[in-house]
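Structural overview
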Amino acid sequence: MTSSSESFDIAVIGGGPAGCISALLLKKQGFDVVLFDPDKTASRLEGIGNRLMHWFTVNGLDSVIPEPARVTRLANWNGNSNDYNFEFLVERESMDASLRGHVSEQGVALVAQTANYRKVKQAVEVTAASGSRFKVKRVIDARGRKAHSGRQSIHGPATVSIGGWLDKCASEKAFAQVIPFRDGWVWAAHPGGGQAWFQATLDAVDGKSPPLSRLRQAFDACRQQLAQPLSGDFNSILVRGCAPVIGDFTPDPQIIPVGDAAAAMDPLSGNGMFWAVSSALAASAAINTLESRPGAASEALVERHLSERIGETYYRQTRLGRDFLRMETRYRDAPFWSKRLNFPDDQALHQPIEGIQVKKSTVVDDGILKEKEILITPLEPSGVAWVDGVEATEIWSLYQSEDGLARMSDLWGEDKARWFHSWISERLAVQPPAAAPG
Ligand SMILES: Cc1cc2nc3c(=O)[nH]c(=O)nc-3n(C[C@H](O)[C@H](O)[C@H](O)COP(=O)(O)OP(=O)(O)OC[C@H]3O[C@@H](n4cnc5c(N)ncnc54)[C@H](O)[C@@H]3O)c2cc1C
């Protein structure tokens, strides 16, 4: 083994979206960062929602994402067709390679190898596959689902996703479509030219049939419902475990998990990359806090903030997935569906919230974690700290005062004051949501 002569503050292990965005943010904050990734992302399509695409755009990263195709997301759920949503299709092999290229251009040292790590006294020792060793102050664990093997984690029902490219699409029209069927659900996506991606999410328990024949069976079961006829044979089959999983540990100020390494969701949520990026933002704020205000108080704040955030996101997304599965009633007795209708539990997505409550929480303020009062509202059950740049609690307390509207107008002008006033009124008028179908 050799020790690297280069020295870095932070090592990021894994160069998917969570690792790349973490590395980029930390480099921007002035840290010396090294990123390890074997550069072997498998080719497949995935969908990015509008919120994440907007984040990429405002952060100047839209040009780094290779040609996302904007498509309408069709769903044939419970026998009803709808096309309310749209998404951007990205090919992950090129997207991740492009992100890593950009990260390297911004001054992050890129090592195209896997690596592992262990804590040694006040530092962390990272060992690359070549044997080179690096001593760093902190590690961002961004190894994706691989991070959960060999450690304490909580898993949902064993689920596998089998995907493959089809080279014959009768039309040039781009689309993405979710279709449930007895053994699971499929996602078919076509960016408008070239190949289409077809992916089936199934129970992982069937060890007998080879993946290709399971994929063909799923295709046969759903082909009549496809928005555009697809044909040909599958190539480049990709099999991925995709059960929801969360690490059963408290994040440590020296080793911070991000993205799937912290918690991986059901792909039905379509939220994995959004979570990857938002957890990278939380990790960089955590490191900024630890470095700018060293000490036990910051460490405790970071531990609490990260574990609450990871847990809340995981349970919100898994309950959301469960409620979506419950809405498909035609197959509820079939094994794939019945196993998942009560996972992770039977609790409502959110406890019904009536009116507006004030709660203490940890928020990111100016790049640093702080304890602050926030508002819990029926529309923002996880809490809201700012509304259009103004502290939400300030708006709420003015709203409740006798001459609230006038005082808001003095502070922010009449138009903004009216807008804040109606923002609060809208939330006070919300009725508690009905329980999810059980
Ligand atoms: C079937 C399926 C479909 C999905 N569809 C969508 C979708 O449509 N939209 C969406 O937003 N999300 C989707 N997701 C979720 C999404 O893929 C993940 O949430 C997202 O990629 C997580 O990003 P990440 O950076 O945390 O992990 P990953 O993207 O998994 O990246 C981890 C990286 O770490 C590297 N690595 C692993 N071990 C090591 C090591 N020891 N050393 C160095 N590097 C290492 C890997 O090679 C990889 O590059 C889907 C997931 C599945 C399983």
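Here, the structure is the one placed above.
Residues numbered from 1 in each chain as written. Predicted model: local features only at pLDDT ≥ 70, side-chain atom pairs only at ≥ 80, totals over all residues.

Let us look at the environment of R70. Relative to the assigned elements, R70 resides in strand 5 (residues 69-77). Sequence spacing of R70 and E105 is 35 residues, and the spatial spacing of their C-alpha atoms is 27 Å. Not counting residues up to four positions away in its chain, the partners in contact with R70 are F86 and F88. (Helix = DSSP H or I, 4+ residues; strand = E, 2+ residues; numbered from the N terminus. Contact = placed C-beta atoms within 7 Å.)

Quick look at the site of the ligand now. Taken together, 35 residues are adjacent to the ligand, and G14, G16, G144, G259 and G272 come closest. Of all elements in the fold, only helix 1 (17-28), strand 4 (45-48), strand 8 (115-120) and helix 5 (272-292) reach the threshold of two or more residues within the shell around the ligand. It is helix 5 that provides the largest number of residues to the shell around the ligand, a total of 4 residues. For the shell around the ligand, the class distribution of residues is 13 nonpolar, 15 polar and 7 charged. Among the domains, domain 1 (2-69 + 89-152 + 248-326) and domain 2 (159-241) are the pair contributing at least three residues each to the shell around the ligand. (Near = placed C-beta within 6 Å. Nonpolar A, V, L, I, M, F, W, Y, C, P; charged D, E, K, R; others polar. Domains from an automatic or database assignment.)

Next up on the list: the sheet that holds strand 18 (residues 245-247). Taken in spatial order, the 3 strands line up as 12-18-20 in an open sheet, and their pairing is antiparallel. The open sheet has two edge strands with one neighbour each: strand 12 (153-155) and strand 20 (263-264). Across 2 bridges, strand 18 lies against strand 20 in antiparallel orientation. Each residue of the ladder has a partner; that of I246, found in strand 20, is A263. (Pairing = 2+ DSSP bridges.)

Moving on, we come to the nonpolar core. As a rule of thumb, soluble globular proteins bury nonpolar side chains together. Ranked by size, the top nonpolar core spans 98 residues in total, and within it I10, A11, V33, V186, V258 and A286 carry the most contacts. Here this core takes 12 residues from helix 5, the largest share from any one element. Setting aside chain neighbours within four positions, we find I10 in contact with L26, F31, V33, V136, K137, R138, I140 and I287. Listed in part, the 12 residues of the second largest apolar core include I374, A417, F420 and I424. (Core = buried A, V, L, I, M, F, W, Y, C linked by C-beta atoms within 7 Å. Buried ≥ 20, exposed ≤ 12 C-beta atoms within 10 Å, placed from the backbone.)

A cis geometry characterises the amide bond from F343 onward to P344, with omega recorded as 10 degrees. Take P344: it is sitting in the loop between helix 7 (335-338) and strand 21 (357-365). Within the chain, N78 stands out as a residue other than glycine whose phi angle is a positive 50 degrees. When you line up the elements, N78 lands in the loop between strand 5 and strand 6 (80-91). On the basis of neighbour count, N78 is assigned to the exposed category, with 12 C-beta atoms found within 10 Å. A positive phi angle is found at S236, which is not glycine, with a value near 45 degrees. In this fold, S236 is placed in strand 17 (residues 230-241).

Geometric descriptors of this kind do not, in isolation, establish any biological role.
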